[in-house]
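# An overview of the molecular structure
Chain by chain, the residues:
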Amino acid sequence: MARAKANGTTKEFSAADLTDQIEAVKKDIAALTEIMGEMTQQEAAKTKDHLSKRAAELRDAAAEKGAELRDAAAAKSGEVRDAAYERGGEAREQIGEYYGRAESAVREQPATAMGIAAGLGFLAGLLMSRRS
């Protein structure tokens, strides 16, 4: 038999009493373990729900931002295309003007034009022969 002293009194315990108390402690531990498992599952479910909601929010925000960027790119593309057409028209006008000037210069001074063309041909031939 075991003896325990508490508050100045001595009480005797038998092995059966100790075994019963150990069994009670084991049951309490099992109950606490089960409660902790349930709490963990509840918290995991809450976290999963929160993460799912957050993921949906982020997905929606990304889709919205993507649509905004797509619209902005389309608008900018239109602006660039219009500017390119405008610049292309200006370039065609300038080329036509320069072509007209060159043509009138050749008509006014054909010998000079032939000399310039021959010189340019010679220079091009010289540069091409050095490349090889």
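Quick summary incoming for the structure in this document.

What counts, and where the lines are drawn
- Residues numbered from 1 in each chain as written.
- Predicted model: local features only at pLDDT ≥ 70, side-chain atom pairs only at ≥ 80, totals over all residues.
- Heavy atoms only, no water.
- Helix = DSSP H or I, 4+ residues; strand = E, 2+ residues; numbered from the N terminus.
- Salt bridge = Lys/Arg side-chain N within 4 Å of Asp/Glu carboxyl O.
- Buried < 20%, exposed > 50% of the residue type's maximum accessible area, 1.4 Å probe, protein only.

Let's shift gears to the environment of M39. Tracing the chain through its elements places M39 in helix α1 (residues 15–108). Each C-alpha atom of the pair M39 and I95 lies 81 Å from the other, and the pair is 56 residues apart in sequence.

Within the element layout of this structure, L123 appears in helix α2 (residues 110–131). Residues L123 and E34 lie 89 residues apart in sequence; the distance between their C-alpha atoms is 95 Å.

With that settled, the discussion passes to the pattern of salt bridges. Here the structure, examined in full by the defined rule, presents seven salt bridges. Notably, a salt bridge pairs E57 with R54, separated by 3.3 Å at the nearest N-O pair. Of this pair, E57 and R54 are both found in helix α1, three residues apart, which corresponds to roughly one turn of the helix. For E57, a relative accessible area of 47% puts it in the partly exposed group. A salt bridge links E97 to R101, with the nearest nitrogen and oxygen atoms 2.8 Å apart. You can see E97 and its partner R101 sitting in helix α1, four residues apart, about one turn around the helix. A relative accessible area of 42% places E97 in the partly exposed class.

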